[in-house]
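Chain residues, written in single-letter form:
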Amino acid sequence: MKKIIIFLFLLVNIINAQIAVNDYKFDRMYKISDNTPLSNSILDIVIVKDTIWLGTTKGLSRSIDGGVSFTNYYNTADFGTESISAIGYNNGVIWAATAHNTERDGQSLATGSGLRYSTNNGSTWTTIAQPKDLSGDSSVVYGINTLRALPVTVDINNITYDIAFSKNTIWIATFAGGLRKSTDMGATWQRVVIPPDYLSSIKPTDVLNFSLQPVAGAFGNENYLNHRVFSVASSNDSTVYVGTAGGINKTTDNGISWVKFNHTNQNDPICGNFVVALGTIAETNNIWAASWKAEGSTEYYGISYSHDGGNTWVNYLEGEKAHNFGFIYEPGDYVAVDNYVFAATDNGIFRSGNNGETWFAPPSIFDKNLNLGLTPYETSFYSVNSNKKNNNNVVWVGSSSGLARLIETNGMWTGDWKIYLSSQPLSGNDKTFAFPNPFSPDVELVKIKFNKSSSSDGVTIRIMDFGMNLVRTVVQNETYNTIGDNYAIWDGRDENGKIVPNGVYFYRIDRGDKDPVFGKIIVLM
């Protein structure tokens, strides 16, 4: 499934570094932070008052001062070296789901490693093992029925991709483990029965004859896309939405009865059945879905929106692969501004202030002339959220290549940008490296880090192929404003603007009369 591929791709491209970059001010608007999360792959963002929580491929990060500094939980006793696959907040409790990769038969498989929660803003944590079944847990009681249920006894592919909350209940979307809920803060978990592919609704009084089974195998031949669960969201104490590889499921009685919405069972349906993310605003009927093409020939990628709790849908941004949604939260309350939504996609961050009727994308975050870029049109974005402070919108966006914060002081997408990049320190003036490496030009940019030792040095950086033929001049006699560590950006394209083939490439850095410095970049798509 594509979302698993995304998680694995980000996980194997973790930057193996613990120390942040220096604070460079290029002009009055742009600067790079000297205090950052440990990873440049930002998968999830939750904002609670003045606290920013980040889920990354190098653990959980928290800022309580608006991004001036970050506490990183990576390599702590509570989190170890696990990545964060989902985070959620409810009534003073922050939850984080953890995961890692397991190598098996030449494949790297996403593996859930449990959840952690804190009731004191991250000072202490309670650890919960990844919910699993015993081998004998082969049935589940649903109303008047006893249904067969595939026991999920391992952590591989049993990974928590999303977390939501209703009254006294926590819900998790665990892909192969299906939809599960707990009413005792994760001490025990209950498998939740949702419709198979061929039914649009179920209730406890129905006579049913199907297995709760996401894949066919030794357990049986049934293979239900709707039992592969990827996203979950709630809008009030009893209404929960669940996104699967087969559509969107809704309950209004806290998981007892369900109705399913998909691309074929409504007059005004969602555009694609593979629903990788859901977004809701509390106590409203508004629901947003990142709808991807699954198996139907008429399905397509886009964003699906319903104002009436899923009865009818309008589809926007056709062709866009959305990964997450964000809202603007009022100061002091975990309450979002109605009608306003952000969507993180492969082609940048889109936003609407009128429930999707019109959409706006941001300009490039960095001026291209600076040769430093985290541009929405060249980097996949996986997370976004916003809050209000001093009557200004503060927008946080997370990509595969770093974190960015915008304080909007002059209207939409204008104001003060701050970029947070994590990388290793250079050990000398003649050292350089590139990250991420390998890198994939269709979803990210590669940063070339080098040292500028003199204020008068003009810097030139060229990319060569394996035969040392010139591919691209990235920087031509550029005079950087700072001495010390600097960055240049290559988008993986040649002088004609075409993405280069997979392979090994070399770069050469010339700095005034200093000896040239060389490095290597691997392009892998």
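Look up a bit, the structure's there.
Definitions and limits used
Residues numbered from 1 in each chain as written. Predicted model: local features only at pLDDT ≥ 70, side-chain atom pairs only at ≥ 80, totals over all residues. Heavy atoms only, no water. Pairing = 2+ DSSP bridges. Helix = DSSP H or I, 4+ residues; strand = E, 2+ residues; numbered from the N terminus. Phe/Tyr/Trp six-rings, centres within 6.5 Å; stacked < 30°, edge-to-face > 60°. Buried < 20%, exposed > 50% of the residue type's maximum accessible area, 1.4 Å probe, protein only. Lys NZ or Arg CZ within 6 Å of the ring centre and 35° of its normal.

Asker: So what exactly am I meant to see when it comes to the sheet that holds strand S5 (residues 59–63) here?
Answerer: Within a sheet, neighbouring strands are paired by backbone hydrogen bonds and run either parallel or antiparallel to one another. Pairing within the open sheet is antiparallel, and its four strands lie in the order S3-S4-S5-S6. Edge positions in the sheet fall to strand S3 (42–48) and strand S6 (71–72), since each has one partner strand and no second. Strand direction decides the pairing type here: strand S4 (residues 51–56) and S5, joined by five bridges, are antiparallel. Residue Trp53 lies in a different strand from S5, and its bridge partner there is Arg62.

Asker: Any chance you could explain the packing of aromatic side chains here in plain terms?
Answerer: Each aromatic ring pair is summarised here by two numbers: the centre-to-centre distance and the angle between the ring planes. In total, this model carries 26 aromatic pairs according to the counting rule given. With 5.4 Å between their ring centres and 80 degrees between their planes, Tyr73 and Trp125 make a pair best called edge-to-face. Remark: Trp125 occurs in the loop between strand S9 (107–118) and strand S10 (126–128) and Tyr73 occurs in the loop between S6 and strand S7 (83–90); sequence separation between them is 52 residues. Across the pair, Trp125 and Tyr73 agree in class, each one buried. Its end group placed over the ring of Phe79, Arg116 keeps NZ or CZ at 5.7 Å from the ring centre. The ring of Trp413 carries the charged tip of Arg351 above its face, separated from the ring centre by 4.6 Å.

Asker: Where do I start with the pairing of strand S37 (residues 470–478) in this structure?
Answerer: When strand S36 (residues 459–464) meets S37, the two strands line up antiparallel, connected through five bridges. When the bridges of S37 are listed, Ile463 appears paired with Arg472. Here S36 folds back onto S37, and the loop between the two strands holds five residues, one of which, Met468, carries a positive phi near 65 degrees.

Asker: Would you take a moment to explain unusual backbone geometry for this structure?
Answerer: A negative phi angle characterises most non-glycine residues, just as the trans form characterises most peptide bonds. A positive phi angle, near 55 degrees, is found at Lys49, a position not held by glycine. Despite not being glycine, Leu317 has its phi angle at roughly 50 degrees, a positive value. Note on Leu317: relative accessible area 18%, which makes it buried.

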